[in-house]
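A closer look at the structure
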Amino acid sequence: MLYIGCHLSSSKGYQAMGRQAVDIDANTFAFFTRNPRGGSAKAIDMDDVKRFLELSDEKCFGKLVAHAPYTMNACAADENIRRFAREAMADDLKRIEATPGNYYNFHPGSHVKQGADVGIELISKQLNDVLTEEQSTIVLLETMAGKGSEVGRNFGELREIIDRTQLKNKLGVCFDTCHVWDGGYDIVNDLDGVLEEFDRIIGIDMLKAIHLNDSMNPCGAHKDRHAKIGEGHIGADALINVINHPKLRGLPVILETPNDIDGYANEIKFLRENYSDN
Ligand code: FE
Ligand code: FE
Ligand code: ZN
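Thresholds, definitions, all that
- Residues numbered from 1 in each chain as written.
- Chains lettered and ligands numbered in written order.
- Predicted model: local features only at pLDDT ≥ 70, side-chain atom pairs only at ≥ 80, totals over all residues.
- Heavy atoms only, no water.
- Helix = DSSP H or I, 4+ residues; strand = E, 2+ residues; numbered from the N terminus.
- Rg over C-alpha atoms; globule rule 2.2 N^0.38 Å.
- Buried < 20%, exposed > 50% of the residue type's maximum accessible area, 1.4 Å probe, protein only.
- Contact = heavy atoms within 4.5 Å.
- Areas by Shrake-Rupley, 256 points an atom, 1.4 Å probe, with all protein chains shown as cover.
- Lys, Arg positive; Asp, Glu negative; His and termini not counted.
- Charge placed at Lys NZ, Arg CZ, Asp CG, Glu CD.
- Donors = N, O, S within 2.8 Å, 3.2 Å for Na, K, Ca; no water.
- Patch = residues over 30% accessible without salt bridge, like charges linked within 9 Å, V, L, I, M, F, W, Y side chains within 5 Å.
- Salt bridge = Lys/Arg side-chain N within 4 Å of Asp/Glu carboxyl O.
- Axes fitted to C-alpha atoms, helices over the stretch in contact; angles between N-to-C directions.
- Parallel < 35°, antiparallel > 145°, perpendicular 65-115°, else oblique.
- Nonpolar A, V, L, I, M, F, W, Y, C, P; charged D, E, K, R; others polar.
- Pairing = 2+ DSSP bridges.

Considerations on the overall build of the protein chain
- Within the protein chain, the regular secondary structure consists of nine helices and eleven strands.
- In terms of overall size, the protein chain behaves like a compact globule, its C-alpha atoms giving a radius of gyration of 18 Å where 278 residues would be expected to give roughly 19 Å.
- Each of the three principal axes of the protein chain carries a C-alpha extent, and together these read 50 × 45 × 30 Å.
- For the protein chain, the residues scored as buried account for 55% of the 278 residues in total.
- Long-range pairs, those at least 24 residues apart, make up 76% of the contacts in the protein chain between residues at least 6 apart in sequence.
- Working note: accessible area of the protein chain is about 12200 Å², and carbon and sulfur atoms make up 47% of it.
- In the protein chain, 31 side chains carry a positive charge and 43 a negative one; their mean positions are 5 Å apart.

Focus: the environment of Ala85
- Looking at the element boundaries, Ala85 is found in helix H3 (residues 79-95).
- Under the relative-accessibility criterion, Ala85 is labelled buried at 0%.
- For the pair formed by Ala85 and Lys12, sequence separation is 73 residues and the distance between their alpha carbons is 24 Å.
- Dropping the residues within four chain positions of it, Ala85 is found in contact with Met72, Asn73, Ala74 and Gln126.

Observations regarding the coordination of the iron ion (ligand 2)
- Binding of the iron ion (ligand 2) to the protein goes through Glu142 (OE), Asp176 (OD), His211 (ND1) and Glu256 (OE), at separations of 2.0 to 2.2 Å.
- Motif for the iron ion (ligand 2), donor spacing along one chain: E-x33-D-x34-H-x44-E.
- A separation of 3.2 Å is found between the iron ion (ligand 2) and the iron ion (ligand 1), which are bridged by Glu142. Pair noted here: Glu142 is in strand E5 (residues 138-142) and Glu256 is in the loop between strand E11 (253-255) and helix H9 (261-273), with a separation of 114 residues, a long-range link.

Some points on the environment of Phe31
- The residue Phe31 is located in the loop between helix H1 (14-23) and helix H2 (46-58) in this model.
- Ignoring anything within four residues of it in the chain, the contact list for Phe31 reads His7, Leu8, Ser10, Tyr14, Met17, Leu64, Val65, Ala66 and His67.

A look at a negative patch on the surface
- On the surface, Asp190, Asp192, Glu196, Asp199 and Asp205 cluster together into a negatively charged patch.
- Position of Glu196 relative to the elements: it lies in helix H7 (residues 191-201).
- A relative accessible area of 46% places Glu196 in the partly exposed class.

Notes on the coordination of the zinc ion (ligand 3)
- Within the first shell, the zinc ion (ligand 3) binds the protein through His179 (NE2), Asp224 (OD) and His226 (NE2), at distances of 1.9 to 2.3 Å.
- In the primary structure, the donors to the zinc ion (ligand 3) are separated according to the pattern H-x44-D-x1-H.
- A separation of 5.4 Å is found between the zinc ion (ligand 3) and the iron ion (ligand 1). Of the two residues, His179 is situated in helix H6 (residues 177-182) and His226 in strand E10 (residues 226-227); the sequence distance between them amounts to 47 residues. Considered together, His179 and His226 belong to a single accessibility category, that of buried residues.

Focus on unusual backbone geometry
- Positive phi outside glycine occurs at Lys113, with the angle close to 70 degrees.
- Structurally, Lys113 can be placed in the loop between strand E4 (109-110) and helix H4 (116-130).
- Even without being glycine, His222 reaches a positive phi, approximately 50 degrees.
- The topology assignment puts His222 in the loop between strand E9 (214-215) and E10.

Some words on H7
- Taken residue by residue, H7 has Leu191, Gly193, Val194, Leu195 and Phe198 as its buried positions.
- Here the buried face of H7 lies against helix H5 (155-163), strand E7 (171-176), H6, strand E8 (207-212) and helix H8 (236-244).
- In the segment just after H7, Gly203 is the residue with positive phi, at about 105 degrees.

Examining the packing of H1 against H2
- Here H1 crosses H2 at 25 degrees, and the two axes come no closer than 7 Å. As far as their axial angle goes, H2 and H1 are roughly parallel. Here H1 contributes Tyr14, Gln15, Gly18, Arg19 and Val22 to the contact with H2, which in turn contributes Asp48, Val49, Arg51, Phe52 and Leu55.
- Partitioned by chemical class, the residues of the contact of H1 with H2 number five nonpolar, two polar and three charged.

Details of the pairing of E7
- Of all six residues making up E7, six are buried, and the element is well covered by its neighbours.
- Residue alternation in E7 divides its side chains into two sets, Leu171, Val173 and Phe175 and Gly172, Cys174 and Asp176, and both sets are buried.
- The pairing of E5 with E7 spans four bridges and is parallel. Paired with Glu142 across the two strands is Cys174, which belongs to E7.
- Bridge count for E7 against E8 is four bridges, and the pairing is parallel. Opposite Phe175, over in E8, you have Ile210 as the bridge partner.

See below:
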């Protein structure tokens, strides 16, 4: 089964996202858990959630991949920014239990000249402060392109964050094809080798979700500019190989390509046509 969807606006609630997903033949989706500018998040409407869960059951949705705000930086130098990151994540994880058992993806952070070691330490400290044994949500560290001082620019940095986090059973990794490619992993010519390296360094069981994006830049560019499927340096064939790879099949695939809703519908149709169901 191919679980595929795209990033949707959460402004009208869960049921609206579910319906929009069904309209474009998606059976998973991503959404921002709160406004990136901060402030308190909208309260969850449990009637809306209930209607969404019915729809999601009926349509056999896969796991959702919620996205933390980009402005959340768990390893900022400024303690106030770190406090926002900590409180926002703790609050998001509480609210998101309304739809249990899904994924919550976040960008590990930017160490802003403190060095990757300090960044890794601060990110795991936040996770140790925030993760609870009771939560049913798995928190995903996103693989990053290595733009600026981003932490998570290679599999080794993600492994170090995981190593320093106590509740490892609440952690996973989201594999963003644009970011991994920009980070210097050649998923076009050697997807097998990249996944073997992922397995050796992090463990393939930790890989829980895919962000499927083409890239406007060549491998190793550390830029992070997403392109539409087939319109970038990765190309449609390599991205089709990603969704069909035996080690990746069944994972939720989220498109974050520069598209409107019709563009997403077309990409989903194209990828479904190129997915072999056995
Ligand atoms: Fe992201
Ligand atoms: Fe992403
Ligand atoms: Zn990106």
